[in-house]
Amino acid sequence: MPRFRTRDAHPEELLPVRRELERRAGSALPDWERFAAGAQLCSGAAGKELPTYEHDSPGIHIITSGLLKATVTMTTGRPRIVSFPRAGDIVAGLAFLSAAAAVPTLPDDGTEAPCHGDGKLTALVPTTALRFDAAMTLELAERHRAWSTLAIRLLAELILLRTLRLNDHLALTAEERYLKVLRDESPLVRRISQRDLALYLGVTPEALSRIASRSRDRRRLAVDAD
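Residues numbered from 1 in each chain as written. Predicted model: local features only at pLDDT ≥ 70, side-chain atom pairs only at ≥ 80, totals over all residues. Heavy atoms only, no water.

A. Structural detail: the overall build of the protein chain. Along the protein chain, the regular secondary structure elements total nine helices and ten strands. Counting across all 226 residues of the protein chain, residues that qualify as buried make up 39%. Of the contacts formed within the protein chain by residues at least 6 apart in sequence, a portion of 74% connects residues at least 24 apart. (Helix = DSSP H or I, 4+ residues; strand = E, 2+ residues; numbered from the N terminus. Buried < 20%, exposed > 50% of the residue type's maximum accessible area, 1.4 Å probe, protein only. Contact = heavy atoms within 4.5 Å.)

In structure tokens form, the structure reads like this:
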């Protein structure tokens, strides 16, 4: 699959990201120049893939515009969309997360391959992202409290989002998940295909069609009853 184009990021392209990261950290981020030195701007049209592991090391991506889908392959061989990263979201592969937690999830076999379980990130519309070096991020987090605070808060956000999504799949039926997505993420639903929505909900497109039809019938009956 064709991949995103990359080039060195310009200083003015990093200013909004710096302001946002310092807002999340709650203070100025020291040694910002070191963090920004290797920053790259990644851009791709719809259908292009944004790799989270390249240049011999995992990276951290901050989505600056557009919309992607993160797809994993289940043990059954079927694809499953786990999230739709969009502007403002931070994307990090499992290789970075395992390094941050000092957990060896990657086999030490000398290969330079993505961590098993990483999702494939595909642009749904023209998308841009800023890529930062993961190793430098970890080094700064070890040296400065502000960077450490930022890392903890970002990891907490990621864990919370994944926990809430897992809870939805364990506690809600497919129809309840569908209604929840319509209620909470209606702008997203308008931007994605029915097939992608089905893969996100964990159902087939045919099952989604039946669920949507039942939902419309119930809403119509509720209106008639009023």
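B. Highlighting the pattern of salt bridges. Under the definition given, this model contains 14 salt bridges. A salt bridge links Arg86 to Glu185; its shortest N-O distance comes to 3.5 Å. Residue Arg86 is found in the loop between β7 (79-83) and β8 (90-92), and its partner Glu185 is found in the loop between α6 (174-184) and α7 (186-189); the two are separated by 99 residues along the sequence. For Arg86, a relative accessible area of 28% gives the class partly exposed. Counted as one network, the salt bridges with shared partners bring together Glu20, Arg23, Arg24 and Glu157. (Salt bridge = Lys/Arg side-chain N within 4 Å of Asp/Glu carboxyl O.)

C. Spotlight on the side chain of Thr137. Tracing the chain through its elements places Thr137 in helix α4 (residues 134-143). Of the polar contacts made by the side chain of Thr137, one reaches the backbone oxygen of Asp133; its length is 2.9 Å. Non-local contacts of Thr137, meaning those with residues more than four positions away in its chain, are made with Phe35 and Ile60. (Polar contact = N/O pair within 3.5 Å; in protein donor to acceptor, adjacent residues only side chain to side chain.)

D. View of the packing of aromatic side chains. Applying the stated rule across the entire model yields five aromatic pairs. Ring plane angle 55° and centroid distance 5.2 Å describe the contact between Trp32 and Phe35, whose orientation is recorded as tilted. Of this pair, Trp32 and Phe35 both sit in helix α2 (residues 32-37), separated by three residues, roughly a single helical turn. Accessibility assignment for this pair places Trp32 and Phe35 in one class, buried. Arranged with centres 4.3 Å apart and planes meeting at 10°, the rings of Phe35 and Phe132 form a pair that is stacked. Of this pair, Phe35 sits in helix α2 while Phe132 sits in strand β10 (residues 127-133), and the two are 97 residues apart along the sequence. As far as the burial class goes, Phe35 and Phe132 line up, both buried. Here a set of aromatic residues connected by ring pairs shows up, and it is made of Trp32, Phe35, Phe132 and Trp147. Geometry around Tyr200 places Arg165 over its ring, the cationic atom sitting 3.9 Å from the centre. (Phe/Tyr/Trp six-rings, centres within 6.5 Å; stacked < 30°, edge-to-face > 60°. Lys NZ or Arg CZ within 6 Å of the ring centre and 35° of its normal.)

E. Region of the structure containing the pairing of strand β2 (residues 40-44). Among the five residues that make up β2, five are buried, leaving the element largely enclosed by the rest of the structure. Burial along β2 is two-sided: Gln40, Cys42 and Gly44 facing one way and Leu41 and Ser43 facing the other are all buried. Note: β2 against β10, five bridges, orientation antiparallel. From the neighbouring strand, Ser43 faces β10, where its bridge partner is Thr128. (Pairing = 2+ DSSP bridges.)

F. Highlighting the nonpolar core. Core analysis: the biggest nonpolar cluster contains 19 residues, and Leu14, Leu21, Leu29, Trp32 and Phe132 have the highest contact counts within it. Elements supplying a minimum of two residues to this core: α1 (11-25), α2, β10, α4 and α5 (145-171). Looking at this core, the element that brings in the most residues is α1, giving four residues. Apart from the residues within four sequence positions on either side, Leu21 is in contact with Leu29, Trp32, Phe35, Ile62, Ile90 and Leu150. (Core = buried A, V, L, I, M, F, W, Y, C linked by side-chain atoms within 4.5 Å.)

G. Highlighting the side chain of Arg177. Among the secondary structure elements, Arg177 is positioned in helix α6. Here Arg177 occupies a buried position and makes no salt bridge, while the nearest side chain of opposite charge, Glu176, is found at 7.3 Å. A distance of 3.1 Å separates a polar side-chain atom of Arg177 from the backbone oxygen of Leu172. (Lys, Arg positive; Asp, Glu negative; His and termini not counted.)

H. Broad picture of α6. Listing the buried residues of α6 in full gives Glu175, Arg177, Tyr178 and Val181. The buried residues of α6 occupy an angular sector of 160° when projected down its axis, which confines them to one face. (Arc of directions from axis to C-beta.)

The values reported here are purely geometric and, on their own, carry no functional implication.
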